[in-house]
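A closer look at the structure
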Amino acid sequence: MNYVTRQGGATVTILVPWDCGNFCPFCVNKKDYEHMETFSLDKIIESIGIMDEITPECDFVISGGEPLSDLVGLQRIIDAIPSTHRIFINTTIPVNTTTDKDALFSFVTRNKAKLTEINVSRHIEPYVIECEDEILKKLIDLGINIRVNCVLFDKFTKEQIYAFFDRMSNYVSKIQLRANYTNCTLENLYDLEADEIFCFLRENLGEYTSLGEYRMRCGYAFNYKNLKVEYHKTLPYSTIKEEGKNILYDIILRQTGLLTSDWNEYGVPLDVEAYRNVEFEVYK
Ligand code: SF4
């Protein structure tokens, strides 16, 4: 197996062994949490060590499930990742369900030097149990970079999206709108004229800058008042086969500790020994 990845190494997304209390219709991870018997934090930590050894500067994204619903376990994960890596956390901020607010503030204060950004899920439809918006502002005041992620799964009206922008602009400076990935293909990924969401944003928000068009993803940045509005598209898979090589930009560390090279149906196990000899290419 010949792997090729971007300089620095593929991003490693860790799916924590704790479920969330939500049922988002676009979720590709939820099914895994139906059977949690084989989940193992110790094995996840072992696999973090392997990935650190192979690519000591790759990015880690801690996702789930809900990373912030077990702060003791999450601390073990963060402690296992050396500070050569950037760390991102995807969360809903579950302070109205599983997590104590003050414990969360202490946790982020203690770890802020290692946390590159916390990405908070908020959608136009209330798919997730939300906390008060003031908590987002409080986290920013504590020195944490916060981005709001919003999946545009359903049709939306101009009024709805403007109301969402206005609401968020009171608390954060950056939001990322995300296309429903399951509709993205290699053929339509960069076809902006056929992309209804992109055309809506260009028509209503005007000027934009490209955040780059890479092999598997692309992004565009608009402005709305004091809010940076990014629009992000990516393929629903993370390996492209080309000329006998596996071009791999994302690795998924499953709740069992298994390293896989794709998202879908528990993925394809990563050939760790082959990945030790991965070739690096310019990020494209
Ligand atoms: S909060 Fe995240 S993990 Fe939970 S159902 Fe929604 S998308 Fe899936």
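Above: the structure in question.
These lines cover the structure that appears in this document, whether it is placed above or below.

Conventions adopted
- Each residue is numbered by its place in its chain's sequence as written, counting from 1.
- This being a predicted model, a pLDDT of at least 70 is required before a residue's local features are given, and a value of 80 or more before pairs of side-chain atoms are given or counted; all residues contribute to the totals for chains, interfaces and linings.
- Each helix is a run of H or I in the DSSP string that is no shorter than four residues. Each strand is a run of E no shorter than two, and both are numbered from the N terminus.
- Radius of gyration here uses only the C-alpha atoms, and the compact-globule reference equals 2.2 Å multiplied by the residue count raised to the power 0.38.
- With C-beta atoms placed from the backbone, a residue is buried if 20 or more other C-beta atoms are within 10 Å of its own, exposed if 12 or fewer are, and partly exposed between those counts.
- Pairing between strands is defined by DSSP: at least two bridges between them are needed.
- Orientation is described by lines fitted to C-alpha atoms, with helices fitted over the stretch in contact, and by angles between N-to-C directions that extend from 0 to 180 degrees.
- Nearness between a residue and a molecule or strand is assessed with a C-beta atom placed from the backbone; a distance within 6 Å qualifies.
- Polar here means any residue outside two lists: the nonpolar Ala, Val, Leu, Ile, Met, Phe, Trp, Tyr, Cys and Pro, and the charged Asp, Glu, Lys and Arg; Gly therefore counts as polar.
- Residue pairs are scored as contacts if the distance between their C-beta atoms, which are placed from the backbone, is within 7 Å.
- Take the buried Ala, Val, Leu, Ile, Met, Phe, Trp, Tyr and Cys residues, join any whose C-beta atoms are within 7 Å, and the set you get is a nonpolar core.
- Here the word oblique covers every angle except those under 35 degrees (roughly parallel), over 145 (roughly antiparallel) and from 65 to 115 (roughly perpendicular).
- Left-handed describes a crossing in which the near helix is turned anticlockwise from the far one by less than a right angle; the clockwise case is right-handed.

**Details of the overall build of the protein chain**
The secondary structure content of the protein chain amounts to seven helices and 15 strands. Since a compact globule built from 284 residues should have a radius of gyration of about 19 Å, the 19 Å found for the protein chain is in line with a globular shape. When its C-alpha atoms are laid out on the principal axes, the protein chain stretches across 50 × 50 × 35 Å. Looking at the protein chain as a whole, 31% of its 284 residues are labelled buried.

**A word on the environment of Leu 186**
Among the structural elements, Leu 186 can be located in the loop between β7 (174-179) and α6 (196-205). Sequence-wise, Leu 186 and Pro 236 are 50 residues apart; in three dimensions their C-alpha atoms are separated by 9.9 Å.

**Some points on the sheet that holds strand β1 (residues 3-6)**
A sheet is described by the order of its strands in space; here four strands give the open sequence β11-β12-β1-β15, paired in mixed fashion. Each having just a single partner strand, β11 (239-242) and β15 (279-281) make up the two edges of the open sheet. Neighbour-to-neighbour, the strand axes of this sheet turn through a mean angle of 30 degrees, independent of strand direction. One ladder, built from three bridges, connects β1 with β15; its direction is parallel. By the bridge assignment for β15, Val 4 is matched with Glu 279.

**Considering the pairing of β11**
Alignment of β11 against strand β12 (residues 245-248), held across four bridges, turns out to be antiparallel. Each bridged residue has a counterpart across the sheet, and for Thr 239 the counterpart in β12 is Leu 248. Taking the residues between adjacent antiparallel strands as the criterion, β11 and β12 are bridged by two residues, where Glu 243 takes a positive phi near 45 degrees.

**Side note on unusual backbone geometry**
Cis geometry marks the peptide bond from Gly 64 to Gly 65, where omega comes out at 10 degrees. By secondary structure assignment, the location of Gly 65 is in the loop between β3 (60-63) and α2 (71-80). Positive phi, normally seen in glycine, also occurs at Ile 93, with a value near 60 degrees. One can find Ile 93 in the loop between β4 (87-91) and α3 (101-111). Residue Ile 93 is classed as buried on the basis of its C-beta count, with 26 C-beta atoms lying within 10 Å. Positive phi values are uncommon outside glycine, yet Glu 243 reaches one of about 45 degrees. You can see Glu 243 is positioned in the loop between β11 and β12. C-beta crowding within 10 Å serves as the criterion here: with 7 such atoms nearby, Glu 243 is assigned to the exposed category.

**Looking at the site of the ligand**
All residues adjacent to the ligand are Cys 20, Asn 22, Phe 23, Cys 24, Cys 27, Asn 29, Lys 30, Gly 64, Gly 65, Thr 92, Ser 121 and Val 128. Looking at the shell around the ligand, its residues break down into five nonpolar, six polar and one charged.

**Focus: the sheet that holds β3**
Ordered in space as β8-β9-β10-β7-β6-β5-β4-β3-β2-β13-β14, the eleven strands form an open sheet in which the pairing is mixed. For this open sheet the edge positions go to β8 (209-213) and β14 (259-260), each flanked by a neighbour on one side alone. Against the sheet, α6 makes contact with β6 (146-152), β7, β9 (217-224) and β10 (227-234), and its axis sits at roughly 25 degrees relative to β9, the strand it touches most.

**Overview of the nonpolar core**
The tendency in soluble globular proteins is for nonpolar side chains to be buried side by side. One finds Val 12, Ile 14, Ile 62, Val 172, Ile 175, Ile 251 and Leu 253 to be the most contacted residues of the largest nonpolar core, which totals 50 residues. Broken down by element, the residue count for this core peaks at four residues, all from β6. Leave out the neighbours within four places in its chain, and Ile 62 touches Ile 14, Val 16, Pro 67, Ile 77, Ile 87 and Ile 89.

**Some thoughts on the packing of helix α1 (residues 41-54) against α2**
The contact between α1 and α2 brings their axes to 9 Å, and the two run at 15 degrees. Judged by the angle between their axes, α1 and α2 are roughly parallel. The handedness of the crossing between α1 and α2 comes out as right-handed. Contact residues: Leu 41, Ile 44, Ile 45, Ile 48 and Gly 49 in α1; Gly 73, Arg 76, Ile 77 and Ala 80 in α2.

**Quick word on the pairing of β12**
One face of the sheet, then the other: side chains in a regular strand alternate in exactly this way. Here β1 pairs with β12 via two bridges, running parallel. By the bridge assignment for β12, Tyr 3 is matched with Asn 246.

**Regarding the environment of Met 36**
Examined against the element boundaries, Met 36 turns out to sit in the loop between β2 (11-15) and α1. Judged by the 13 C-beta atoms lying within 10 Å of it, Met 36 is partly exposed. Separated by 18 residues in sequence, Met 36 and Trp 18 have C-alpha atoms that sit 8.4 Å apart.

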